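Structure assessment
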Amino acid sequence: MNNDDKLVLGGKTFSSRFILGSGKYSLSLIEAAINYAGAQIITLAVRRANTKEHENILDYIPDNVTLLPNTSGARNAEEAVRIARLARELGCGDFVKVEIMRDSKYLLPDNNETIKATEILSKEGFIVLPYMYPDLYSARDLVNAGAAAVMPLASPIGSNKGLATKEFIQILIDEIDLPVIVDAGIGRPSQACEAMEMGAAAIMANTALATAGDLPLMASAFNNAIKAGREAYLAKPGRVLTRGASASDPLTGFLRN
Amino acid sequence: MENSFFIDSQKLSPAALEKKHRLENDPSSRTDHMKYMEGMEIINSDICEKVMSQVKEYDYSKYTARDVIAALEHETCSIEDFKALLSPAAEPYLERMAQKAKAETSKHFGNTVYLFTPLYIANYCENYCVYCGFNCYNDIRRMKLNAEQIDKEMKVIADSGMEEILLLTGESRAKSSIEYIGEACKLARKYFRMVGLEIYPVNTDEYRYLHECGADYVTVFQETYDTDKYETLHLLGHKRVWPYRFDSQERALMGGMRGAGFSALLGLSDFRKDALASALHVYYLQRKYPHAEMSLSCPRLRPIINNDKINPLDVHETQLCQVLCAYRIFMPFVGITVSSRESESFRNGIVKIAATKISAGVSTGIGDHESKYSGKESDGAEGDEQFEIADDRSFERMYKDMSAEGLQPVLNDYLYV
């Protein structure tokens, strides 16, 4: 595989295209998950890191891994901005994943508020990765607001249902000039692989690992699947027959010039 | 079998005893429990009607094994499915319910378990709720902590490592005023990352004031949603007013609180109907206030000082587990708290299935944390407990036990924004 194939986010380059979540499994497993996943970026909830404990999640993340603090708990742009600033104060760096939810049942992102928060935070020098519902207009607005990537959901958080929004994610991949990172709902390595084949720049997963019987092994499976999907995308897939057979004689063979 | 709740203290005056007996024996001597008392805010809400119309018609005996199996196979659990899961027909399917509940819990919460502790700051009460240790006729040591004492208790708890606190009082506006509780919230914010309240129901503007003082979560137990039964258990005081209590969580959310907790006290009335009502109360309020964080708990009746015979009747651990699994399957996103009323073994088991939050280092008495946490003799007075707890594990031990069960204890998942 081409060694120059890097993921670039906010001017920083990464060779791994697997972004790891951290919120749903034991802190003691984080290091193994990172290693098996080959991950260079890990998300964490600022609200979880905001502890004087005992066990702070920040102490479990190796120094060479880039932190991607998220604003979970925010219900509007203003709250997200405040949480992002707190993340910076806590020493989490300049990356921020904007997550704004006004629904405690489905945890679907509010695109309008997300656009507002992205605009404010990117002006403050944050590298903003907004979690979004895959809507083309919103994605364009996020580009204009200064996002470093867009993170559309594949299906509802925690559902492990895979690429329910496939057609719409494909539109974002085709039309948006930023990395499209598929986030939320990816339940199996095969789904991650499929998203990468489609041209996604990276995959983010959490629940799929947390609910696996063997977390490090599943992290490794995702890592391999994401790499395979990326290579397939770069290799430019050939023709795939989806239905019936193709005519052996071309229909347009009668044309004469 | 019914619980026998009525206990006479020898310290009561003849006049007080006479009034007590009259309240107990003569329903006409009691006030109308559906009528608001002066000063109680009436909000415009259709939630009660939505919940109670379903509860009224719920006939759990009509559900069959076929309904239960269908409910378990459906991808999303409808209200009808939930009713089947709460029915007696579901009892033989408890293991399957637990498996499904566990899968839902882990999708939404992973292996995390939240730890918190309650702090009772006063046990004065103006109500006569016949099953409660704090009731105004019960002969117990009464106490209200002053600011200095609250500060001291909080420091002891915070030093143990705890980051979330639930402040509780008995229900006495006269002894524990809104301002007094507000000051306690302000103190709590010094020591804790998250402050919840479990106090007497108040009006929207008072919830707003308490929110500004630092409380972000309000829990109110409805005790029972069966209004007729409620009337026979809550004989005196403002708590007698059932509808004002019902709308507490909505007033709290209107006052700006981020979250609300709900519960019936199982064992008081028909537990299946009460469980249905509690869950629908959450369900309909969540639809109206989708941003709010909701939680359910499932306490059972416990013995109290001067009446060690009180028990949860037909709600055994099996039934409690069934209710909790049904809650989880119906509402995968809600927090579920299991209190120290339950045993160590039950709590260790249920956190792996459905519960997401448990208390540790619990005392339901007043001003006794230092003596309980350090073994040091108390240098001051202490107030008696509300009920007997069943799981007295310290914070440190709970943390270790949860980790040993393969769970990740979380002390704080909260930001004031």
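These notes cover the structure that comes with them. If you're wondering where the values come from, they're calculated on a predicted model, not measured in any experiment. (Residues numbered from 1 in each chain as written. Chains lettered and ligands numbered in written order. Predicted model: local features only at pLDDT ≥ 70, side-chain atom pairs only at ≥ 80, totals over all residues. Heavy atoms only, no water.)

1. Comments concerning empty space enclosed by the protein
All names here are of chain B. For the structure on display, the rule yields 7 cavities of 30 Å³ or more. One number sums up the size of the second largest cavity: a volume of about 760 Å³. In this structure, the second largest cavity is lined by 50 residues; those nearest its centre are Tyr120, Leu168, Glu198, Phe221 and Gln386. Partitioned by chemical class, the residues of the lining of the second largest cavity number 25 nonpolar, 16 polar and 9 charged. (1 Å grid on protein atoms, 1.4 Å probe; cavity = no way out; pocket = protein on both sides within 12 Å on 5 of 7 lines; lining within 4 Å. Points joined across faces, edges and corners; volume = space filled by probe spheres on them. Nonpolar A, V, L, I, M, F, W, Y, C, P; charged D, E, K, R; others polar.)

2. A look at the layout of surface pockets
If you add up the space inside the largest pocket, you get close to 590 Å³. If you go around the largest pocket, you meet 24 residues; those closest to its centre are Tyr106 of chain A together with Glu75, Thr76, His108 and Pro332 of chain B. Secondary structure elements with two or more residues in the lining of the largest pocket: helix 5 (94-109), helix 12 (271-288) and helix 13 (317-330) of chain B. Grouping the constituent residues of the lining of the largest pocket by class yields 12 nonpolar, 5 polar and 7 charged. (Helix = DSSP H or I, 4+ residues; strand = E, 2+ residues; numbered from the N terminus.)

3. Comments concerning unusual backbone geometry
Negative phi characterises most residues that are not glycine, and trans characterises most peptide bonds. Residue and element names in this part refer to chain A. Residues other than glycine seldom take positive phi values, yet Asn160 does so here, at roughly 55 degrees. Along the chain, Asn160 falls in the loop between strand 8 (151-152) and helix 6 (166-175). In this structure Asn160 comes out as partly exposed when scored by relative accessible area, which is 23%. Of note, the phi angle at Ala184 is positive, near 75 degrees, even though the residue is not glycine. Here Ala184 lies in the loop between strand 9 (181-183) and helix 7 (189-198). What makes Ala184 buried here is its relative accessible area of 9%. (Buried < 20%, exposed > 50% of the residue type's maximum accessible area, 1.4 Å probe, protein only.)

4. A closer look at the state of the cysteines
Simply put, the disulfide is a covalent bond whose two ends are the sulfur atoms of two cysteines. All names here are of chain B. In total, this model carries 0 disulfides over all chains according to the counting rule given. With no disulfide of its own, Cys77 has Cys325 as its nearest cysteine by sulfur position, at a separation of 12 Å. Classification of Cys77 by relative accessible area gives buried; the value is 14%. (Disulfide = S-S within 2.5 Å.)

5. Considering the side chain of Ser159 of chain A
Take Ser159 of chain A: it is sitting in the loop between strand 8 and helix 6. On the basis of relative accessibility, which here comes to 14%, the residue Ser159 of chain A falls in the buried class. Separated by 3.3 Å, the side chains of Ser159 of chain A and Ser155 of chain A make a polar contact. Among residues more than four places away in sequence, those in contact with Ser159 of chain A are Gly185 of chain A together with Lys107 of chain B. (Polar contact = N/O pair within 3.5 Å; in protein donor to acceptor, adjacent residues only side chain to side chain. Contact = heavy atoms within 4.5 Å.)

6. Some thoughts on the pairing of strand 10 (residues 202-205) of chain A
All names here are of chain A. Every second residue of strand 10 is oriented toward a common face, with Ala202 and Met204 on one face and Ile203 and Ala205 on the other, all of them buried. Pairing analysis gives 3 bridges linking strand 3 (residues 18-20) to strand 10, with the strands arranged parallel. Across the sheet, residue Leu20 finds its bridge partner in strand 10, namely Ala205. As judged from the 3 bridges shared by strand 9 and strand 10, these two strands associate in the parallel manner. The partner of Val182 across the bridge, within strand 10, is Ile203. In this region the chain leaves strand 9, passes through helix 7 and returns to the parallel neighbour strand 10; the handedness of that crossover is right-handed. (Pairing = 2+ DSSP bridges. Right-handed = clockwise from strand over helix to strand, strands pointing away.)

7. Re the interface of chain A and chain B
The interface of chain A with chain B comprises 29 residues on the first partner and 33 residues on the second. Where chain A touches chain B, the interface holds 3 salt bridges. We note a salt bridge from Glu75 of chain B to Lys161 of chain A, for which the minimum N-O separation is 2.7 Å. Counting across the interface, chain A meets chain B through 11 residue pairs in polar contact (both at pLDDT 80 or more). Of the residues forming the side of chain A that touches chain B, the biggest block, 4 residues, is contributed by helix 3 (residues 77-89) of chain A. (Salt bridge = Lys/Arg side-chain N within 4 Å of Asp/Glu carboxyl O.)

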